[in-house]
Amino acid sequence: MRKTLRTIEWVGHQPGALLPGKVRLIDQTRLPAKLVWIQTADLRKIWTAIKTLQVRGAPAIGIAAAMGVVAAVQKSRARTGAELATEVERAADYLATSRPTAVNLFWALDVMRRLARASHALPPAELKHRLVAAALKIRDDDAAMCRAIGRHGAKLLKDGDTVLTHCNAGGLATAEFGTALAPIYTAREQGRDIRVFADETRPLLQGARLTAWELGQAGVDVTLICDHTAAQVMKEGRIDCVMVGADRIAANGDSANKIGTYSVALAAQAHGIPFYVLAPTSTFDLTLASGGKIPIEERAAEEVTHGFGRRTAPRGVKVYAPAFDVTPARLIAGIVCEKGVLRPPFGPALRRACAAG
Ligand code: MRU
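Nothing here was measured: the structure is a model prediction, and the numbers come from that model.

Some remarks on the pattern of salt bridges
Link 1 in the chain: All told, the structure shown has 18 salt bridges when counted by the stated rule.
Link 2 in the chain: The salt bridge involving R6 is made with E9; its shortest N-O contact spans 2.6 Å.
Link 3 in the chain: For E9, a relative accessible area of 18% puts it in the buried group.
Link 4 in the chain: Notably, a salt bridge pairs R99 with E297, separated by 2.8 Å at the nearest N-O pair. Remark: E297 occurs in the loop between strand 11 (284-285) and helix 10 (302-305) and R99 occurs in the loop between helix 3 (81-95) and helix 4 (103-118); sequence separation between them is 198 residues.
Link 5 in the chain: Taking the relative accessible area as the measure of exposure, R99 reaches 6% and is therefore buried.
Link 6 in the chain: A relative accessible area of 4% means that E297 is categorised as buried.

Next comes the structure, spelled out in structure tokens:
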């Protein structure tokens, strides 16, 4: 098994003791120039890290938020478990305001809230230990789910295939190993040769800065393209399938992912190329009937008007900057989760996957 980069971890101050501790995460805004880790137990800094994409990718921000809750309450002087549970709610409410689209954030915060509510009769010290254990379990479960997604997704690839991907749904976006990139890593571990075309992913260049970097580090043959080159390489017959991640998948299979994903799906359909979405069940939101209800984050205008360290658009120009779009289920050939490859109709398939233990 390939040694992977661990994107986000909890590190105890003392060897052998988890509390007190700090969140340790890769600052993804510094890549690819520098591999820098941030270590902090400051709730505001963790909120800012999520907001500013120092940590990004749906599963990774869920893990960061769960660890953020622990960081917020670990030194609490609460005299009862109930008082501590109230502090957990307060930290979770605050972290929930960081980014709206990736459901993994709310899912992970809910795990922490439910634990605190259910265990409020415990002494605070015991509850703190349960909270840190729960955050670590979210991290470890995510790593295991990514491995499983890799195993299922690798069956969709044959030796010599070329995959097109958009944004970064690799190890950096998860605990480790990734979702959309997991089948590529697994297929390579199995001795197959898989090539990747990576969309640069305007405006924040997650494809250029992160996907190209992490695939390069892993020795995968990667070709970087401008976003609008995707349809052209499909027409040239260079792409066997598309694999992307997701931030939230509605009950009917409509999938929110980085802005531009929908265009890639349309182009894939026009060229008869299968388009796969890869995500753990923690990304499924069965409370939403369809993608129209998924909250879409809008980012600051400066992310579009500025690039290359300078202004690249006229002062005062109007900007529309949704960070995500929704690909309708009808354009998706399969959704790969830790339970297997789900095929249309996605409604029953998603329900079955969530119900299976
Ligand atoms: O704005 P970002 O960089 O957090 O957007 C990330 C994506 O769109 C990813 O594709 C998605 O979160 C899946 S990560 C496994």
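Comments concerning the sheet that holds strand 1 (residues 8-12)
Strands in a sheet are paired, the pairing made by backbone hydrogen bonds, and the direction either parallel or antiparallel.
Link 1 in the chain: The sheet built from three strands is open, its strands ordered 1-2-3 with antiparallel pairing. Because the sheet does not close on itself, it has two edges, and the strands there are strand 1 and strand 3 (37-40). With strand direction ignored, the average angle separating the axes of adjacent strands in the sheet is 25°.
Link 2 in the chain: Bridging between strand 1 and strand 2 (residues 21-26) involves five bridges; their strand directions are antiparallel. Across the sheet, E9 pairs through a bridge with R24, a residue of strand 2.
Link 3 in the chain: Strand contacts of helix 2 (residues 58-73): strand 1 and strand 2, with the helix running at about 20° to strand 1, the strand carrying the most contacts.

A few points about the side chain of T40
Link 1 in the chain: Secondary-structure assignment places T40 in strand 3.
Link 2 in the chain: At a separation of 2.9 Å, a polar atom in the side chain of T40 contacts the main-chain amide nitrogen of D42.
Link 3 in the chain: Excluding its chain neighbours within four sequence positions, the residues that come into contact with T40 are K22, V23, K45 and I46.

What counts and how
- Residues numbered from 1 in each chain as written.
- Predicted model: local features only at pLDDT ≥ 70, side-chain atom pairs only at ≥ 80, totals over all residues.
- Heavy atoms only, no water.
- Salt bridge = Lys/Arg side-chain N within 4 Å of Asp/Glu carboxyl O.
- Buried < 20%, exposed > 50% of the residue type's maximum accessible area, 1.4 Å probe, protein only.
- Helix = DSSP H or I, 4+ residues; strand = E, 2+ residues; numbered from the N terminus.
- Pairing = 2+ DSSP bridges.
- Axes fitted to C-alpha atoms, helices over the stretch in contact; angles between N-to-C directions.
- Contact = heavy atoms within 4.5 Å.
- Polar contact = N/O pair within 3.5 Å; in protein donor to acceptor, adjacent residues only side chain to side chain.

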